[in-house]
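# Geometric and topological summary
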Amino acid sequence: AFGTPCVVFHTDYCLIRWPAQAEQAAQRLDIRVIVPVRAGYGHTMPHRLNEEPLAATSRDYLAIIDHLHLRKVAAMAMGSALRYALHLAEVRPDLILGILGVSCQLPLQNDAQFARLGKWQRFIEANARHAPRILPFVVKAAFAMTRRIGKEAFFVQANGNSPADMRILTRPDLREAVMVGTEVALSDTLSAHEAFTRDAVGAVQDWSGLIARAQLPIRLVQGDEDPTSPIETVREIAR
């Protein structure tokens, strides 16, 4: 009655809202889109500090999937959340039919890949990797600055070198999806800087083993101007 289930693993900026055109396409194709909001985002509580993030996140997703009585699902993973989808597939190999990765942030293997990142992305990743105790203050300050100058202004600062990203702001439907879809990460009343920080620290760990062990189909859809995942790096890791 609800269509083929597709579970979405949102990025650290969340982006849980789809453009109206995409929602209409999902309805037309009879796809049931399920978007759990991860711990620490929106009005949810973060996981306890002594909990292993991958295991705790898989437990949460399974609780929702089992509550909905779903036996087989497709997965869409955005940004660095690919590792969450891969971990869930490893925990429950019978559950996920395949993973569609959208603008995925892959585990960097060397300095050359790190150097290709955009300026803002490189700054966050460097702190996450080398100064994780400082990162919470950096992210909290960045969230406060974004609230002050506005999301659109921050979007331009972080992605201004990507013409493709800038074109998003010229499309009302895409702009709305970005601005509204990030509300559970940052709004006038919410700031998920703690969850964002934990995601950033987890993303820079070497989780390439999850990719190597994967026993299900994975297809990546990547932009060739993505400052978070430069296409040269994606091709190197995909090989």
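Look a little higher up for the structure.
Within any chain, residue numbers begin from 1 and follow the written order of that chain's sequence. In keeping with the model being predicted, local features are shown solely for residues with a pLDDT of at least 70 and side-chain atom pairs are shown and tallied solely at 80 or more, while totals for entire chains, interfaces and linings include all residues. Excluding hydrogens and water, the side-chain values take into account all heavy atoms of the structure.

## Remarks on the sheet that holds strand β3 (residues 73–78)
A sheet is described by the order of its strands in space; here 5 strands give the open sequence β2-β1-β3-β4-β5, paired in parallel fashion. The open sheet has two free edges, formed respectively by β2 (31–34) and β5 (218–221), since each of these has just one partner strand. With strand direction ignored, the average angle separating the axes of adjacent strands in the sheet is 25°. For two strands to pair, DSSP has to find at least two bridges joining them. The secondary structure listing takes helices from DSSP runs of H or I that are at least 4 residues long and strands from runs of E that are at least 2 residues long, numbered from the N terminus. Comment: axis = line fitted to C-alpha atoms, over the contacting stretch for helices; angle = value between 0 and 180 degrees taken between N-to-C directions.

## Let's talk about the pattern of salt bridges
Throughout this description, the term salt bridge denotes a Lys or Arg side-chain nitrogen within 4 Å of a carboxyl oxygen of Asp or Glu. The final tally for this structure, using the stated rule, is 16 salt bridges. One salt bridge in this structure joins Arg17 and Glu23, with 3.9 Å as the shortest N-O distance. Only protein chains enter the accessibility calculation, which uses a 1.4 Å probe; a residue whose area is less than 20% of its type maximum is buried, one above 50% is exposed, and one in between is partly exposed. In this structure Arg17 comes out as partly exposed when scored by relative accessible area, which is 30%. Relative accessible area serves as the criterion here: at 39%, Glu23 is assigned to the partly exposed category. A salt bridge links Glu176 to Arg17; its shortest N-O distance comes to 3.5 Å. Placement of the pair is Glu176 in helix α9 (residues 172–181) and Arg17 in the loop between β1 (4–9) and α1 (20–28), with a sequence separation of 159 residues. Assessed through its relative accessible area of 38%, Glu176 is described here as partly exposed. Linked by salt bridges that have partners in common, Arg48, Glu51, Arg59 and Asp60 make up one network.

Interpretation in functional terms is not warranted from these geometric data alone.
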